[in-house]
Amino acid sequence: MKIPSLNPNIIKPLVKPQWKNFSENDTRRVFEDLQIQNNILGQLSLGIRDYNDGFNRLVIEIKNAMGKIFGKEIISIDSHNKSMTGYNIIVEPEYRQKHFRFGELLRLASIMEILENKCPFIYIFSKDTAVYFHGKYKFEPVIKSFGERDYALETIINDTSLHFRDLAIKAKIIQNQVKANKNNAQKQRELTQKTNYIVREYIRRSLEEKNPQESHPFRRGMDMMLDAETIHRNKDYFNSLFAKHGIDYKI
């Protein structure tokens, strides 16, 4: 399927989200369906509904008037402890890397859900190929698994780019300390936390390049998190993205 180029000069009308409780007995806040104008596909609907999987999860969907789904993300919101978890963001293959930015639109929808439900953060497990996608939207690594930590360290150590040499040296030092303290659980946890700081900087620098996934691929996925404080700190960035997608929402 050949997809025409998008015209970035088209000004989209802004639509303001309307909010409601999910149901009479469910206080989770969800937005009413939003009619989003796409430059190529015309009017699309961004909505959220019950995922019907028996786990009380929700699914955010982008679809057209015929019900064709272009992308979706499954999320869970616990209204009691205010925790929020994101699961796979799935965009149909023919609409990936085509400047439709459906993944971005789904991420913006989940950010609205974070804020409107007063959740302190959203927690995800990112596939290795999606780390930079999530990093672009300010997610940071929160690795807890020693196995994830070790793979992340290997990724950085094996990166021979001059711009990352200092991080590779630091990662090697941590790797040596991991081996020297293999029977010390407390020390292992401390080294995992140190690894998170190095991985965070590695992602930040990689995102300055055009195609970080090609130049600096991770060997394995990792736990990541976006907190409300970070969203507010980067509100100008996110507000500009909302406007770009025609959503009248301000952080």
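Every chain is numbered on its own, with residues counted from 1 as its sequence reads. For this predicted model, a pLDDT threshold of at least 70 governs which residues receive local features, and a threshold of 80 or more governs which side-chain atom pairs are given and counted, while totals over whole chains, interfaces and linings are taken from all residues. Calculation of side-chain values draws on the structure's entire complement of heavy atoms; hydrogens and water are dropped beforehand.

Student: Quick question: what am I supposed to make of the packing of aromatic side chains here?
Tutor: Any pair of aromatic rings gets described here by the distance separating the centres and the angle formed by the planes. Only Phe, Tyr and Trp rings take part, Trp by its six-membered ring, and two of them pair if their centres are within 6.5 Å. Stacked means planes under 30 degrees apart, edge-to-face means over 60, and tilted covers everything else. Applying the stated criterion to the full structure yields twelve aromatic pairs. Geometrically, the ring pair formed by Tyr 202 and Phe 218 is edge-to-face, given 5.6 Å between the ring centres and 80 degrees between the ring planes. Of this pair, Tyr 202 sits in helix H5 (residues 185-206) while Phe 218 sits in the loop between helix H6 (212-215) and strand S10 (222-227), placing them 16 residues apart in sequence. Phe 218 matches Tyr 202 in its accessibility class, with the two residues each being buried. Through a chain of ring-to-ring contacts, three or more aromatic side chains come together here, namely Phe 70, Tyr 95, Phe 100 and Phe 102. Helix and strand definitions here come from DSSP, where helices need a minimum of 4 consecutive H or I residues and strands a minimum of 2 consecutive E residues; each element is numbered from the N-terminal end. Whether a residue is buried, partly exposed or exposed follows from its accessible area with a 1.4 Å probe, protein chains only, as a fraction of its type maximum: under 20%, in between, or over 50%, in that order.

Student: Before we go on, may I ask you to explain the packing of helix H3 (residues 146-157) against helix H4 (residues 165-180) in this structure?
Tutor: Relative orientation and spacing of two packed helices are given, respectively, by the angle between their axes and the distance between those axes. The contact between H3 and H4 brings their axes to 8 Å, and the two run at 140 degrees. As H3 packs across H4, the resulting crossing turns out to be left-handed. From H3, Arg 149, Asp 150, Leu 153, Glu 154, Ile 156 and Ile 157 reach across to H4, where they touch Leu 167, Ala 168, Ala 171, Lys 172, Ile 174, Gln 175 and Val 178. Charged means Asp, Glu, Lys or Arg here, nonpolar means Ala, Val, Leu, Ile, Met, Phe, Trp, Tyr, Cys or Pro, and polar covers whatever is left, Gly included. Residues belonging to the contact of H3 with H4 are distributed by class as follows: eight nonpolar, one polar and four charged. In this description, a line fitted to the C-alpha atoms serves as the axis of each element, helices being fitted only across the stretch in contact, and the angle between N-to-C directions of two axes falls anywhere from 0 to 180 degrees. Here a crossing is called left-handed whenever its near helix is offset anticlockwise from the far helix by less than a right angle, and right-handed whenever the offset is clockwise. Contacts are assigned to residue pairs with any non-hydrogen atoms lying within 4.5 Å of each other.

Student: Would you mind going over empty space enclosed by the protein with me for this structure?
Tutor: Unfilled space is identified by rolling a water-sized probe across the atoms. A cavity, in this analysis, means grid points on a 1 Å lattice covering only the protein atoms where a 1.4 Å probe fits yet has no way out; a pocket is instead an open set bounded by protein on both sides within 12 Å along at least five of seven lines, and a residue lines either one if it has an atom within 4 Å of a point. Grid points are joined across faces, edges and corners, and a volume is the space filled by probe spheres set on the points. Scanning the entire structure with this criterion turns up one cavity of 30 Å³ or more. Each pocket or cavity is described by its volume, and for the largest cavity that value is around 30 Å³. In terms of lining residues, the largest cavity is bounded by Glu 148, Tyr 151, Ala 152, Thr 155, Phe 218, Arg 219, Arg 220, Gly 221 and Met 222. Residues that form the lining of the largest cavity fall into these classes: four nonpolar, two polar and three charged.

Student: So what exactly am I meant to see when it comes to the nonpolar core here?
Tutor: Looking at soluble globular proteins, one finds that nonpolar side chains tend to be buried together. What makes a nonpolar core is a set of buried Ala, Val, Leu, Ile, Met, Phe, Trp, Tyr and Cys residues whose side-chain atoms join them at distances within 4.5 Å. Counting 60 residues, the largest nonpolar core has Phe 31, Leu 46, Phe 238, Phe 242 and Ile 247 as the members making the most contacts within it. Not counting residues within four places of it along the chain, the set of residues in contact with Leu 46 comprises Phe 31, Glu 32, Asp 33, Leu 34, Ile 36, Ile 60, Glu 61, Ile 62, Leu 105, Ala 109 and Ile 247.

Student: Looking at this model, I keep getting lost on H4. Mind explaining?
Tutor: Because an α-helix packs 3.6 residues into every turn, residues spaced three or four apart end up facing the same way. Here the expected span of a helix is defined as 1.5 Å times the quantity of residues minus one. With 16 residues, H4 should reach 22 Å at 1.5 Å per residue; the first-to-last C-alpha distance of 23 Å fits that figure. In the core, the buried residues of H4 are packed alongside H3 and H5.

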